[in-house]
Amino acid sequence: MLNPDEYFEPLGELEKGEEAVAVESKSFWKDVWDRFCGNKKALAGLVLLGIIVLIAIIGPIISPYPYDGMDPSISNQGSGLAHWFGTDQMGRDEFTRVLYGARISLMIGFVATAVNVIIGVIYGGIAGYIGGKTDMVMMRIMDVIYSVPAMIYIILIMLILGSNVYAVMIGICVNGWVNMARIVRSEIITLKEREFSMAAFVLGASKRRILFRHLVINAMGPIIVTATLMVPQAIFNEAFLSFIGIGISAPQASLGTLAQDAKMLLAKYPMQMVYPVAVICLVIFALNFIGEGLEDALNPKGRD
Amino acid sequence: MGEPVIRVEHLKKSFRVKGSFLEKKQYVRAVNDVSFSIEKGETLGIVGESGCGKSTLGRTILKIYQPEEGHIYFEGTDLTDLSEKQMHPYRKKMQMIFQDPYASLNPRFTVGEMIAEPMEIYRMYGRKERMERVRELMEVVGLKPDHIQRYPHEFSGGQRQRIGIARTLALNPEFIVCDEPFSALDVSIQAQIINLLEKIQDEQKISYIVVAHNLNAVRHISHNIGVMYLGRLVEIGPAAKIYSEPLHPYTKALISSIPAADPNSAGMMDRVLLEGEVPSPINVPAGCPFSTRCKYCTEKCRERMPELAEADGRKVACVLFQS
């Protein structure tokens, strides 16, 4: 027989009516952040992306060479102390150009994604929330937009606006938001049946308030994950367009343009191709890792 | 006595059942020709088995569902055909407490945000006074004001129900529909919530409709009881009368099903066991809906639904008590 006295002792005076709460109060986002930080791969992705973004922003400013400063006397140099990544066939500093290109590529990725998220959330949210015929019509319009290949939109817009950053961005956005709208719509359709949405209605909340303050905030998880994975998609699309020669034109440079420039002399100076492509890879890797990490952090199994 | 807080007349609500498109459209009559009224500071308990339309009735009164026929009056104003915009000022006075405290609180809102929200919607008080009032309300419902920054998942079921009640009270409503407020809680917590609701009623003269299938809890809190069967109100009257001597055969069966604390007590009624199943609400039998299971059923019952008629201090819808 065990003697309970050996194992237990009376508790001291407890404060009256005090319910001890053992766990520190955590908001949903704090919880997600903690879980995200527990994921090494995701955290590495975030650090890597942070470094690339930081260098892309300040690099071209502190670099001694302008991105478009040509000097034929030093064209096609290899890596050295003066030019870390060497120079291209026009004698421009490759390091500065890669950083500058990364800056443009990242900007296109983030801005296009932001636009896609805003349009997608509003469009999908309204379609899902109102439902019925409105939903049907909105979804069919979206199907029509989506049925035309993105490349056709982009090329058409380029013809009108010329080859510049804005044209690429608009081109990517024309049907990039469709996926986001679909995801938001399906989330909203399940969320609007939840009782808290009826509770908000009874409390007198307007449709707009219910949709954007109650429902969209609960759909933030999938929205963020989708958005994170949209950024590398946009960067990749831009790089592809520039590589086939219909993207951003000289002297501006994106990572895709740099790869395209290096194409002609690939056999002789392969390093000019390696640097921009490596940066594209790193950015896309980092963003995909972050996206995956966020997905795990936002939807841990068995949590309500 | 003045105008009752809520008066409902011949309310009807049905839902379409999804069938394939060649089939005839079918409807579930969830609420069928229900009339009653509630005075200020009174509680009407609605009882009946699952699927009899109790919850639908509560939601239709609040115009969460648009009624098909009949009228809803709030202090004499007909709400039936008001648009959502015209309803806005009345929503403030007519509130609801939900069945499932886990589902009816937005998981991304802190308690403070949740209780402050209705006041924000109705632009009551300034920002600072609002927070003050949130703390006050938390105290009223027995929550610690220090927990204002916490999220719903950090609370127990009973505490969440208290959050729901505090949020409802923020608007100073005059009428609250409590949709099975106890069924998600365990017995000791049920008692606490019942006492809280009664305390609030005493202090603020709020009228309630309490929808529930826990007959004992409803008896405790209600002044009047309405018994529903298949969308119809079959008996309505003072709680004491209905519980001590139910008249309608269905009410008898329902009341006799309450387990007694002391099975040998003299007041113990004979068990009335019902034969058969509840008919499908899609094909409600003609005449009295209870006729298929009623042992007193006569030809007359199958022909026509009897009206609610005065009998022994309450109203009963049964041919046995028609004068």
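Each chain carries its own residue numbering, running from 1 in the written order of its sequence. Naming scheme: in the order in which they are written, chains are lettered from A and ligands are numbered from 1. The predicted nature of this model means local features are confined to residues of pLDDT at least 70 and side-chain atom pairs, given and counted, to a pLDDT of 80 or more, with totals for whole chains, interfaces and linings taken over all residues. Each side-chain value is worked out from all heavy atoms of the structure, with water and hydrogens disregarded.

What about the overall build of chain A?
A count of helical and extended segments in chain A gives 12 helices and 0 strands. We count a stretch as a helix when DSSP gives it H or I for four or more residues in a row; a strand needs E for two or more, and each element gets its number in order from the N terminus. Sequence-ordered secondary structure for chain A, helices as α and strands as β, is α-α-α-α-α-α-α-α-α-α-α-α. Burial status across chain A gives 43% buried among its 304 residues. Contacts spanning at least 24 positions in sequence make up 71% of the contacts within chain A whose residues lie at least 6 apart. Computed with the Shrake-Rupley method and a 1.4 Å probe, the accessible areas treat only the protein chains shown as cover for residues. Carbon together with sulfur atoms contributes 67% to the accessible area of chain A, which is approximately 16300 Å² in total. Burial classes: relative accessible area under 20% of the type maximum marks a residue as buried, over 50% as exposed, and values in between as partly exposed (1.4 Å probe, protein chains only). In this analysis, two residues are considered to be in contact whenever any of their non-hydrogen atoms come within 4.5 Å of each other.

A short note on the side chain of S197 of chain A
Turning to its location among the elements, S197 of chain A is positioned in helix α8 (residues 195-202). Not counting chain neighbours up to four residues away, the residues in contact with S197 of chain A comprise L191, K192, I210 and L215 of chain A.

Regarding the packing of aromatic side chains
In this scheme Phe, Tyr and Trp rings, the latter by its six-membered ring, pair at centre separations within 6.5 Å, and the angle between planes marks the pair as stacked below 30 degrees, edge-to-face above 60, and tilted otherwise. In total, this model carries 8 aromatic pairs over all chains according to the counting rule given. Plain terms: the ring middles of W33 of chain A and F36 of chain A are 6.0 Å apart, the flat faces sit at 15° to each other, and that makes the pair stacked. In this pair, W33 of chain A and F36 of chain A are both assigned in helix α2 (residues 28-37), 3 residues apart and thus about one turn of the helix distant. For W33 of chain A, a relative accessible area of 44% puts it in the partly exposed group. The class of F36 of chain A is buried, set by a relative accessible area of 3%. Taking 5.0 Å as the distance between ring centres and 85° as the angle between the ring planes, the aromatic pair formed by Y229 of chain B and F290 of chain B counts as edge-to-face. Of this pair, Y229 of chain B sits in strand β9 (residues 224-229) while F290 of chain B sits in the loop between α9 (249-256) and α10 (299-303), and the two are 61 residues apart along the sequence.

Looking at the confidence of the model for chain B
When pLDDT is low, close inspection of the predicted coordinates is not appropriate. By definition, pLDDT measures how confident the predictor is in each residue, and it falls between 0 and 100. Across chain B, the average pLDDT comes to 85, with 94% of residues at 70 or higher. Interface predicted TM-score (ipTM) for the complex: 0.84; the corresponding pTM is 0.80.

Quick word on α8 of chain A
Counting buried positions over the 8 residues of α8 of chain A gives 8, a clear majority of the element. For α8 of chain A, the complete set of buried residues consists of E195, F196, S197, M198, A199, A200, F201 and V202 of chain A. In this structure, the buried residues of α8 of chain A make contact with α7 (165-192) and α9 (207-215) of chain A together with α1 (54-61), α2 (84-91), β6 (94-97) and α5 (157-169) of chain B. Residue G204 of chain A follows α8 of chain A closely and has a positive phi angle near 90°.

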